[in-house]
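Listed below, chain by chain, are the residues.
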Amino acid sequence: MGSEQTEMRKRQMPAAQGTAGPTPGQHGVGTRGPNACCFCWCCCCSCSCLTVRNQEEQRSRRASYELRREDLPTCEESPSPTLEEASAWAQSFDKLMLTPAGRNAFREFLRTEFSEENMLFWMACEELKKEANKNSIEEKARIIYEDYISILSPKEVSLDSRVREGINRNMVEPSQHIFDEAQLQIYTLMHRDSYPRFMNSALYKDLLQSLSEKSVEA
């Protein structure tokens, strides 16, 4: 009886070894689990997507800036400022903005900071105030809106939501003063933010130095 049981165990052992599969979590040599493969693919894909996205954003910013430079009007015609006039610009922002030469110099500085549209918007509002013809007012107001107020414009100026909503309501029947509050907001922004940097800029200091040398020669 004992010999028969021993014989039966010998026959069962090879059968059990042949049917036994790999234990859970084990893989053959040289194989990868599905998670590892998926993880590698996801990492590579994420890196590629980020690289492409960054490149697209850089191209978009360059294109936006080039578009802005192409669309911007030329500077106002004005004689070269005197040393006294240019020195007076340091006394107040109002004195700087009163003269075409001051506005041109300040606009040149704003261009280096990629914020020239602030000055252009302010100047466009000044021109609109001079209009008396209803059709001309509506046309100029539409152009100003599309150039500086619309969120789709590359030259959009920074306004708070309250002022922007007021302009949107009044565009149904615009007057020459439709942008007055927005113009004041941009004027204040230039005064507080850009004007102090302009006073300390190499552009302004070089201009004073050049005018000083000319006055000595004269």
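Scroll up for the structure.
Calculation rules
Residues numbered from 1 in each chain as written. Predicted model: local features only at pLDDT ≥ 70, side-chain atom pairs only at ≥ 80, totals over all residues. Heavy atoms only, no water. Phe/Tyr/Trp six-rings, centres within 6.5 Å; stacked < 30°, edge-to-face > 60°. Helix = DSSP H or I, 4+ residues; strand = E, 2+ residues; numbered from the N terminus. Buried < 20%, exposed > 50% of the residue type's maximum accessible area, 1.4 Å probe, protein only. Core = buried A, V, L, I, M, F, W, Y, C linked by side-chain atoms within 4.5 Å. Contact = heavy atoms within 4.5 Å. Axes fitted to C-alpha atoms, helices over the stretch in contact; angles between N-to-C directions. Nonpolar A, V, L, I, M, F, W, Y, C, P; charged D, E, K, R; others polar. Parallel < 35°, antiparallel > 145°, perpendicular 65-115°, else oblique. Expected span 1.5 Å × (residues − 1).

A.B. asks: Mind showing me how you'd approach the packing of aromatic side chains here?
C.D. replies: The description of an aromatic ring pair rests on the distance of the ring centres and on the angle between the ring planes. Within this structure, the stated rule accounts for 11 aromatic pairs. Their ring planes at 20° and their centres at 6.5 Å tell us that phenylalanine 106 and phenylalanine 109 sit as a pair that is stacked. Residue phenylalanine 106 and its partner phenylalanine 109 are both found in helix α5 (residues 100-112); the two are separated by 3 residues, about one turn of the helix. With respect to class, phenylalanine 106 is no different from phenylalanine 109; both count as buried. Ring-pair connections join several aromatic residues into one group, and the members of that group are Trp89, Phe93, Phe106, Phe109, Trp122, Tyr187, Tyr195, Phe198 and Tyr204.

A.B. asks: Before we go on, may I ask you to explain the nonpolar core in this structure?
C.D. replies: One recurring pattern in soluble globular proteins: nonpolar side chains tend to sit buried together. Counting residues in each nonpolar core, the largest one holds 38 residues, and the members touching the most others are Phe106, Phe121, Phe179 and Met190. When residues of this core are traced back to their parent elements, those giving at least two are α4 (93-98), α5, α6 (116-129), α7 (134-149), α8 (161-170), α9 (180-199) and α10 (202-217). Looking at this core element by element, the count peaks at 8 residues for α6. Excluding anything up to four places from it in sequence, methionine 190 contacts Phe93, Met97, Phe106, Leu110, Asn118, Met119, Trp122 and Tyr195.

A.B. asks: Quick question: what am I supposed to make of unusual backbone geometry here?
C.D. replies: Peptide bonds are trans in most cases, and residues, glycine excluded, mostly fall at negative phi. The phi dihedral of phenylalanine 114 falls on the positive side, at around 60°, and the residue is not glycine. When you line up the elements, phenylalanine 114 lands in the loop between α5 and α6.

A.B. asks: Sorry if this is basic, but what is going on with the packing of α5 against α6 here?
C.D. replies: Geometry of a packed helix pair, given as the angle between the helix axes and the separation of the axes. Between α5 and α6, whose axes approach to 7 Å, the crossing angle comes to 145°. Contacts from Arg103, Phe106, Arg107, Leu110 and Arg111 of α5 reach α6 at Glu116, Met119, Leu120 and Trp122. Its residues assigned to classes, the contact of α5 with α6 comprises 5 nonpolar, no polar and 4 charged.

A.B. asks: What exactly am I supposed to notice about the packing of α5 against α9 here?
C.D. replies: Orientation of α5 relative to α9, taken along the N-to-C sense of each, is 90°, at an axis distance of 10 Å. Between α5 and α9, the crossing angle belongs to the class labelled roughly perpendicular. On the side of α5, the interface is formed by Ala105, Phe106, Phe109 and Leu110, while α9 contributes Met190, Ser194, Tyr195, Arg197 and Phe198. Classifying every residue of the contact of α5 with α9 gives 7 nonpolar, 1 polar and 1 charged.

A.B. asks: Please clarify how α5 should be interpreted in this entry.
C.D. replies: For an α-helix the count is 3.6 residues per turn, leaving residues at separations of three or four pointing the same way. The terminal C-alpha atoms of α5 lie 19 Å apart, and with 13 residues this matches the ideal 18 Å at 1.5 Å per residue to within 8%. For α5, the full list of buried residues reads Ala101, Gly102, Arg103, Asn104, Ala105, Phe106, Arg107, Phe109 and Leu110. Residues of α5 that are buried make contact with α3 (83-88), α4, α6, α9 and α10. The positive-phi residue at the C-terminal boundary of α5 is phenylalanine 114, with phi of around 60°.

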